[in-house]
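Report on the structure
The residues making up each chain are set out below.
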Amino acid sequence: SYPTSLHIEEVSASIVRSHRETTQYRPEELQALRWKVFSREEIHTYQSKSVDEMWQHCAVRLTDAVQYVVEFAKRIPGFRQLCQNDQIALLKSGSMEVVLVRMSRMFNTENNTVFFDGKFAGTELFKSLSCGDLIAAVFDFAHNLCALRLTEQQMAVFTALVLLNADRPCLEDRERVQRVRRDVELALSHILLRDNQESLLHKLYQRVPVLKSLCALHMEKLRWFRQLYPLTVHSLFPPLYKELFG
Ligand SMILES: COc1ccc2c(n1)CCN(C(C)=O)[C@H]2C(=O)Nc1ccc(OCc2ccccc2OC)cc1
């Protein structure tokens, strides 16, 4: 049955509420923080960390963000009704994508810095990761998305769509995921129409393949890192990070 517009309104209201409840930092807090950058000494300290130390540090920070995305997913209308296997499959392939989309809210396009450990950091701070290409791609993506200046409502519904992808591998009931996704697709179109920003829809869908390749690059770098430092990953990486990306 075709959903009523009231139902679509309820779906978007519920997703926006869940987004607000599962983002650690509100936009106004980020505004206040955005000019808090690291000193030269602090940057030097991060750059002096060993590869495994810095990787572990970043994995712990990112897992912080991922936990909130898991909570957000559970509150998307229909997500909990999917079978366990499909919920996990969608989170395994989609949670880092949502972290990267949300990262654009914590990005300052004026000095090309991203929120990290309480302040805003430039790419040079991550030098000791030995992943210059991954960091450059993460910053490029965040910069591009930040420049679209999505509202919190647009961001909320877009991230729900990123998670509800019926083409993900290992799904048992694709049709079910597609049905849940359809209402969220209608909600995004409805919000962009209301905001008089239909052109954003095309721009957002254009970013999805880039997001996919970014996450593939992250997994490739993690495999490279795990080969060099198996013990660090095994005993010092957060379990959730290993479960979702390992
Ligand atoms: C929801 O959006 C966000 C965005 C940022 C943050 C948060 N929430 C809350 C937690 N947080 C804290 C506590 O700093 C921020 C964070 O993790 N920042 C951060 C971490 C790593 C970075 O680059 C390294 C890297 C990037 C991609 C893949 C692997 C990587 O390294 C192995 C860059 C920035």
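Being a predicted model, the structure only gives us computed values, none of them experimental. Counting restarts for each chain, with residues numbered from 1 along the sequence as it is written. The predicted origin of the model limits local features to residues at a pLDDT of at least 70 and limits the giving and counting of side-chain atom pairs to 80 or more, whereas totals for whole chains, interfaces and linings rest on all residues. The basis for the side-chain values is all heavy atoms of the structure; hydrogens and waters are excluded.

**Some thoughts on the overall build of the protein**
Strands here mean DSSP runs of E at least two residues long; helices mean DSSP runs of H or I at least four residues long; both are numbered from the N terminus. Counting its secondary structure elements, the protein contains 11 helices and three strands. Secondary structure of the protein in N-to-C order comes out as α-α-α-α-α-β-β-β-α-α-α-α-α-α. Atoms counted for the radius of gyration: C-alpha only. Globule rule: 2.2 Å times the number of residues to the power 0.38. Whereas a compact globule of 246 residues would reach a radius of gyration of roughly 18 Å, the protein reaches 18 Å, a difference of no more than 12%. By its C-alpha atoms, the protein is 60 × 40 × 30 Å across when sized along the principal axes. Buried means the residue's accessible area, taken with a 1.4 Å probe over protein chains only, is under 20% of the maximum for its type, while exposed means over 50%, and partly exposed covers the values in between. Taken over 246 residues, the protein has a buried fraction of 48%. Residues count as neighbours in contact if any of their non-hydrogen atoms are within 4.5 Å of one another. Sequence-distant contacts, at least 24 apart, represent 80% of the contacts inside the protein between residues at least 6 apart. Element-wise, carbon and sulfur atoms account for 53% of the exposed surface of the protein, whose accessible area totals about 12300 Å². Charge separation in the protein, taken as the distance between the mean sites of 31 positive and 29 negative side-chain charges, equals 1 Å. Shrake-Rupley sampling with a 1.4 Å probe provides the accessible areas, and residues are treated as covered by the protein chains on show and by no other component. Note on charges: Lys and Arg go in the positive column, Asp and Glu in the negative column, and His and the chain ends are not counted at all. By convention, charge coordinates are those of NZ in Lys, CZ in Arg, CG in Asp, or CD in Glu.

**Brief notes about the pattern of salt bridges**
Salt bridge, as used here, is a side-chain nitrogen of Lys or Arg placed within 4 Å of a carboxyl oxygen of Asp or Glu. Scanning the entire structure with this criterion turns up 13 salt bridges. For Glu71, the salt bridge identified is with Arg75, shortest N-O distance 3.3 Å. Owing to a relative accessible area of 33%, Arg75 belongs among the partly exposed residues under this scheme. Across the salt bridge formed by Arg105 and Glu152, the nearest N and O atoms sit 3.0 Å from each other. Here Arg105, found in the loop between helix H5 (84-103) and strand S1 (107-108), pairs with Glu152, found in helix H7 (residues 152-163); they are 47 residues apart in sequence, far enough to count as distant. For Arg105, a relative accessible area of 14% translates into the label buried. Relative accessible area serves as the criterion here: at 27%, Glu152 is assigned to the partly exposed category. Through salt bridges with shared partners, one network takes in Glu21, Glu71, Lys74 and Arg75.

**Quick word on the site of the ligand**
Distances are taken per atom, and a residue is near a molecule or strand as soon as one of its heavy atoms is within 4 Å of it. In the region of the ligand, 21 residues are neighbours, and Arg61, Met106, Phe115, Phe116 and Asp117 sit closest. A 3.5 Å cut-off defines polar contacts: any pair of N or O atoms within that distance qualifies, except that in protein one atom must be a possible hydrogen donor and the other a possible acceptor, and neighbouring residues in sequence count only when both atoms are side-chain atoms. Phe115 places a main-chain nitrogen or oxygen 3.0 Å from a nitrogen atom of the ligand. The fraction of the free accessible surface of the ligand (690 Å²) that becomes covered by protein chains is 97%. At the level of elements, helix H4 (51-74), H5, strand S2 (113-116) and helix H6 (132-147) are the ones that each hand at least two residues to the shell around the ligand. Put simply, Ala, Val, Leu, Ile, Met, Phe, Trp, Tyr, Cys and Pro go in the nonpolar bin, Asp, Glu, Lys and Arg in the charged bin, and everything else, Gly too, in the polar bin. Each residue belonging to the shell around the ligand can be placed in one class, and the counts come to 15 nonpolar, two polar and four charged.

**Thoughts on helix H9 (residues 199-228)**
The terminal C-alpha atoms of H9 lie 45 Å apart, and with 30 residues this matches the ideal 44 Å at 1.5 Å per residue to within 8%. For H9, every residue scored as buried is listed here: Leu200, Leu204, Arg207, Leu211, Leu214, Cys215, Leu217, His218, Lys221, Leu222 and Phe225. Helices are assigned an expected span. That span is 1.5 Å times one less than the residue count.

**Re the layout of surface pockets**
Quantified by volume, the largest pocket comes out at close to 650 Å³. Using a grid of 1 Å spacing that covers the protein atoms alone, one calls a set of points a cavity when a 1.4 Å probe fits there but cannot get out, and a pocket when the set is open and has protein on both sides within 12 Å along at least five of seven lines; lining residues are those with an atom within 4 Å of a point. In terms of lining, the largest pocket is formed by 33 residues, of which the most central are Arg61, Leu62, Val99, Met103 and Phe115. Taken together, the elements giving at least two residues each to the lining of the largest pocket come down to H4, H5, S2, H6 and H9. For the lining of the largest pocket, the leading source of residues is H4, giving eight residues. Of the residues in the lining of the largest pocket, the class split is 24 nonpolar, four polar and five charged. Grid points are joined across faces, edges and corners, and a volume is the space filled by probe spheres set on the points. If you add up the space inside the second largest pocket, you get close to 390 Å³.

**Concerning the packing of H7 against helix H8 (residues 174-194)**
Think of each axis as a best-fit line through the C-alpha atoms, taken over the contacting stretch in the case of a helix, with angles from 0 to 180 degrees between the N-to-C directions. At a minimum axis separation of 9 Å, H7 and H8 run at an interaxial angle of 155 degrees. Taken together, the axes of H7 and H8 lie roughly antiparallel to each other. Handedness of the crossing formed by H7 with H8: left-handed. The residues of H8 that touch H7, namely those facing Gln153, Gln154, Val157, Phe158, Ala160 and Leu161, are Arg181, Val184, Glu185, Ala187, Leu188, Ile191, Leu192 and Arg194. Class assignment of the residues belonging to the contact of H7 with H8 gives a composition of nine nonpolar, two polar and three charged. Note on angle classes: values under 35 degrees are labelled roughly parallel, values over 145 roughly antiparallel, values of 65 to 115 roughly perpendicular, and the remainder oblique. Crossing handedness is defined as follows: a turn of the near helix away from the far one that is anticlockwise and smaller than a right angle gives a left-handed crossing, while the clockwise case is right-handed.

**Description of the confidence of the model for the protein**
How sure the predictor is of each residue is captured by pLDDT, a score from 0 to 100. For the protein, the mean per-residue pLDDT works out to 96, and 100% of the residues sit at or above 70. With pTM at 0.96, the complex prediction returns an ipTM value of 0.97.

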